[in-house]
Amino acid sequence: MNNGPKKPPFWIDRLLMFAALLACLCALTVLFVGWQRGRHHHHGLISDITVNLGGRPQREHCTTCHPGGGRPITAGEHTHQGHPDIAPHSPERLGCTGCHLGEGMALDETISHGLPGLGARTVLKGKEMQASCFRCHEPGPLPGAERAWSGYRLFLEKACDTCHHVAGLGRGGRFGPDLSTIGSHLGLAQIEVAIREPKKDPKNSIMPRFPLSSAQVAQLAYFLKSRVRDPYYATPMQVQAGRISLPALPAEAGAGILRGKKCLACHRFGEEDGRIAPDLTYIGDLRSADFLGEFLANPGRLIPGAVMPTISLSDEERTQMLRLLTTEAVGPVSLHGQAVAEEAGHDGHGAAADPAAKHLYMALCQRCHAAAGDGFGPIQPNLAAFPRAFAGNAGFFRRVADERLAGSLEKGIPGTSMPPYGRLLDRESRERLLDLLFGAFIGVPRQDKAELPPLPARPAVRAEDTLFDKLCQSCHGVAGTGTGPEHLKYLPRPRNLTNRPYFAPQDDERIARSIADGIPGTAMPAFRNRLNGEELWAMVEKVRTFSESR
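Since the structure is predicted, the reported quantities are computational estimates derived from the model, not experimental observations.

**Some points on the overall build of the chain**
Phase 1: A tally of helices and strands in the chain yields 25 helices and 6 strands.
Phase 2: Taken over 550 residues, the chain has a buried fraction of 39%.
Phase 3: Partitioning the contacts of the chain with sequence separation of at least 6, the portion at a separation of at least 24 is 57%.
Phase 4: Within the structure as shown, the chain displays about 31100 Å² of accessible surface, and the carbon and sulfur contribution to it stands at 56%.

The structure is reproduced here in structure tokens:
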């Protein structure tokens, strides 16, 4: 019996030969296209110049196609147009790539205008040229760079430096990516997209989408494009030693602590509104001084997942901030110049037509829960948890006891951005607000409650969970933080099971009920038919372990 190696099928050799021929053909095609693109004017002569930029030699071939720095000449042309006047600068001293970028030594037209990809070296032209000014000049008011300078001012006014670090500012940068060399990595267009659509890439970005005009986005991009690893106004040693600095803007005359610490770049207070974060107008009647002091020190401790960065405050500034928030940021809620207490009562058309309740909702609730009551309020993307949807969510509210709803409005929901309204609103106002929610959004009578089946009996011996990884990990994550592999598929996002402030006040039965019967209005399904009593209560213990709330 012959046990020697088997002969390969006859077609293998032919396939390999065909693949080799195809590879050769592709290589020849690439070479031919490159040769076609690399053909030069002036009978094949290549212009080779070297300029000195900040003590660094810069070699370029650009004037091969752009003689005199003007537009490219075409076949048959014998004259060319020179570079526009850029006095006090001159193309002879600056060259091309110092301002226009591009790949000056490339022999291919496409590559010489910037490698494809992230566009870091894409050629700049026209108004885009302002993005290069602060690569040579230290940032400051500069003729011809007005938009880039406005971008720097916007960067500070919008508190971008609170989250992002930029070399030369000497502060910030612990919350978002370091932007010190962003211009060396991304093109102007890519930077604009990152500002305009921060959640496009990555999708789990926590950067809010700021309400900026197209002109403001462009200005910010011009400034950020000038942040490169090798600015010409400083030596490499100065850059490495952190000896470069950006100018500080003068403090606004009469600016209070909120504006001075840039809180109003995100928050609202009175008539001034950053449209990014919760309203501080009545925060002194919504949160205690102890809560506010602890939140300022560590926002994520009281509201896990809060995207607010820690603000650097001196002891004097902290005292001043707390004094303002607890004494001036208080009620009563003013509605069109009148206090709620002065508003007329019911007008006879039911809770949905109660004008005082409507005003209250728009003043206090719509920022998170939306004017339509669907939870997609203006600041919803920037909150740690999705606001409860009222519209189209009758299934949830028919299962929740009225006492719990009234308690949530009065005492708030710990671990979330839902504050207690017990001090700001009297009981009558809170009741009218609840009536409005049911009449205008939820669409069922407030007293209409569903009958839920009883929970399985709790075993005498605590069981060990064995099913969390199989049933829950894809949404809630291995560590229970609510960031499992599939969490971005759902809105509201899966609950963060490590949120101790949220779970500590809840009894075990409420947690068990959420697992057994699911949570309407969310992606949380019912597991009643998939878990026996022992497994259900083991899941409750798993939640208690994650949240350290036992």
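**Let's talk about the pairing of strand E2 (residues 56-60)**
Phase 1: Going residue by residue along E2, you find Arg-56, Gln-58 and Glu-60 tucked away on one face and Pro-57 and Arg-59 left uncovered on the opposite face.
Phase 2: Sheet analysis places strand E1 (residues 49-53) next to E2, joined by 5 bridges and oriented antiparallel. Of the residues in E2, the one forming a bridge with Asn-52 is Pro-57.
Phase 3: The loop that links E1 with its antiparallel partner E2 comprises 2 residues; one of these, Gly-54, has a positive phi angle of about 60°.

**Quick word on the environment of His-359**
Phase 1: Its location among the elements puts His-359 in helix H16 (residues 355-364).
Phase 2: Here the alpha-carbon distance between His-359 and Val-333, two residues 26 residues apart in the chain, equals 9.5 Å.

**A few points about the pattern of salt bridges**
Phase 1: Across all of its chains, the model carries 21 salt bridges by this definition.
Phase 2: Across the pair Arg-398 and Asp-448 runs a salt bridge whose closest N-O atoms are separated by 3.3 Å. In this pair, Arg-398 sits in the loop between helix H18 (394-397) and helix H19 (402-411) while Asp-448 sits in the loop between helix H20 (427-442) and helix H21 (468-471), placing the two residues 50 residues apart along the sequence.
Phase 3: Note on Arg-398: relative accessible area 28%, which makes it partly exposed.
Phase 4: The class for Asp-448 is partly exposed, based on a relative accessible area of 28%.
Phase 5: In this structure, Asp-508 engages Arg-544 in a salt bridge whose closest nitrogen and oxygen atoms are separated by 2.8 Å.

**Focus on the nonpolar core**
Phase 1: Counting 41 residues, the largest nonpolar core has Leu-258 and Leu-364 as its most contacted members.
Phase 2: Tallying contributions element by element places H20 first for this core, with 7 residues.
Phase 3: What Leu-258 contacts, discounting residues up to four positions off in sequence, is Cys-263, Leu-264, Phe-269, Leu-280, Met-321, Leu-324 and Leu-325.
Phase 4: Ranked by size, the runner-up nonpolar core spans 31 residues in total, among them Leu-154, Phe-155, Leu-169 and Leu-179.

**Here we look at the packing of aromatic side chains**
Centre-to-centre distance and the angle between the planes together describe a pair of aromatic rings.
Phase 1: Within this structure, the stated rule accounts for 13 aromatic pairs.
Phase 2: A centroid spacing of 5.0 Å and a plane angle of 45° characterise the contact between Tyr-361 and Phe-441, whose relative ring orientation is tilted. Of this pair, Tyr-361 sits in helix H16 while Phe-441 is found in helix H20, placing the two residues 80 residues apart along the sequence.
Phase 3: Taking the centre distance of 5.1 Å and the plane angle of 55° together, the rings of Phe-468 and Phe-546 count as tilted. With Phe-468 in helix H21 and Phe-546 in helix H25 (residues 533-547), this pair connects stretches of sequence that are 78 residues apart.
Phase 4: On the basis of relative accessibility, which here comes to 3%, the residue Phe-468 falls in the buried class.
Phase 5: Each residue in the set Tyr-361, Phe-390, Phe-396, Phe-397, Phe-438 and Phe-441 is aromatic and connected to the rest through ring pairs, giving one cluster.
Phase 6: One residue, Arg-287, lies across the ring of Phe-291, its end atom 4.2 Å from the ring centre.
Phase 7: Arg-495 extends its terminal NZ or CZ atom over the ring of Tyr-502, reaching a point 4.1 Å from the ring centre.

**Some words on the side chain of Asp-285**
Phase 1: Of note, Asp-285 is situated in helix H12 (residues 283-286).
Phase 2: Arg-423 provides the closest opposite charge to the buried, unpaired Asp-285, separated from it by 4.3 Å.
Phase 3: At a separation of 2.9 Å, a polar atom in the side chain of Asp-285 contacts the main-chain amide nitrogen of Gly-331.
Phase 4: If we ignore the near neighbours within four places in the chain, the residues touching Asp-285 are Ala-329, Val-330, Gly-331, Pro-420, Arg-423 and Leu-424.

**Examining unusual backbone geometry**
Phase 1: Residue Pro-202 is reached from Asp-201 by a cis peptide bond, and omega for that bond is 0°.
Phase 2: Within the fold, Pro-202 resides in the loop between helix H8 (188-196) and helix H9 (214-225).
Phase 3: Cis geometry is adopted by the peptide bond preceding Pro-332, which originates at Gly-331 and carries an omega value of 5°.
Phase 4: Here Ala-159, not a glycine, exhibits a phi torsion of approximately 60°, which is positive.
Phase 5: Its location among the elements puts Ala-159 in the loop between helix H6 (146-157) and helix H7 (160-163).
Phase 6: One non-glycine residue, Glu-548, lies in the positive phi region at around 50°.
Phase 7: Within the secondary structure, Glu-548 is located in the segment after H25.

**With respect to the confidence of the model for the chain**
Phase 1: In this model, the chain carries an average pLDDT of 88, and 90% of its residues clear a pLDDT of 70 or more.
Phase 2: Predicted confidence in the chain is weakest over strand E6 (residues 338-339), with a mean pLDDT of 50, and strongest over helix H23 (residues 500-503), with 98.
Phase 3: Across residues 341-349, confidence stays below pLDDT 50; counting only partners more than four residues off in sequence or on other chains, it has 12 contacts.

**Notes on the environment of Gln-240**
Phase 1: In this structure, Gln-240 sits in helix H10 (residues 236-240).
Phase 2: For the pair Gln-240 and Asp-230, spaced 10 residues apart in the sequence, the C-alpha separation amounts to 9.9 Å.

**Some details on a nonpolar patch on the surface**
Phase 1: On the surface, Trp-11, Leu-15, Phe-18, Leu-22 and Leu-25 cluster together into a nonpolar patch covering about 540 Å² of accessible area.
Phase 2: Among the structural elements, Leu-22 can be located in helix H1 (residues 11-38).
Phase 3: Judged by its relative accessible area of 43%, Leu-22 falls in the partly exposed class.

**Regarding H16**
Phase 1: Within the span of H16, buried status applies to Ala-356, Ala-357, Leu-360, Tyr-361 and Leu-364. Viewed end-on, H16 has its buried residues packed into an arc of 135°, placing them on one side of the element.
Phase 2: Measuring from the side-chain oxygen of the N-cap residue of H16 to the backbone nitrogen of Ala-356 gives 3.2 Å; that N-cap residue is Asp-354.

The rules we used
Position labels on residues start from 1 in each chain and follow its written sequence. Per-residue local features of the predicted model are confined to residues with pLDDT of at least 70, and side-chain atom pairs are confined, for both listing and counting, to 80 or more; whole-chain, interface and lining totals are unaffected and use all residues. To obtain the side-chain values, all non-hydrogen atoms of the structure were used and water was disregarded. Here a helix means four or more residues in a row that DSSP labels H or I, a strand means two or more in a row labelled E, and each is numbered from the N terminus. Note on classification: 1.4 Å probe, protein chains only; a residue is buried when its accessible area is under 20% of the maximum for its type, exposed when over 50%, partly exposed between these limits. Here a residue-residue contact requires only that any non-hydrogen atoms of the pair lie within 4.5 Å. Accessible surface area values rest on a Shrake-Rupley calculation with a 1.4 Å probe, where residue burial reflects the displayed protein chains alone. Strands are treated as partners if at least two bridges between them are detected by DSSP. By definition, a salt bridge exists where a carboxyl oxygen of Asp or Glu is found within 4 Å of a side-chain nitrogen of Lys or Arg. Residues belong to one nonpolar core when they are buried, are Ala, Val, Leu, Ile, Met, Phe, Trp, Tyr or Cys, and are joined through side-chain atoms within 4.5 Å. Only Phe, Tyr and Trp rings take part, Trp by its six-membered ring, and two of them pair if their centres are within 6.5 Å. Stacked means planes under 30 degrees apart, edge-to-face means over 60, and tilted covers everything else. Two limits define a charge over a ring: the Lys NZ or Arg CZ must be within 6 Å of the ring centre, and within 35 degrees of the ring normal. Under the convention used here, Asp and Glu are negative, Lys and Arg are positive, and both His and the chain ends fall outside the count. Definition of a polar contact: a pair of N or O atoms within 3.5 Å, with one able to donate and the other able to accept a hydrogen when the atoms are protein atoms, and with sequence-neighbouring residues admitted only if both atoms are side-chain atoms. The predictor's confidence in any single residue is recorded as pLDDT, a number from 0 to 100. Patch definition: residues above 30% relative accessible area lacking any salt bridge, with like charges linked at up to 9 Å and the nonpolar side chains Val, Leu, Ile, Met, Phe, Trp and Tyr linked at up to 5 Å. What the arc covers is the set of directions going from the helix axis to the C-beta atoms.

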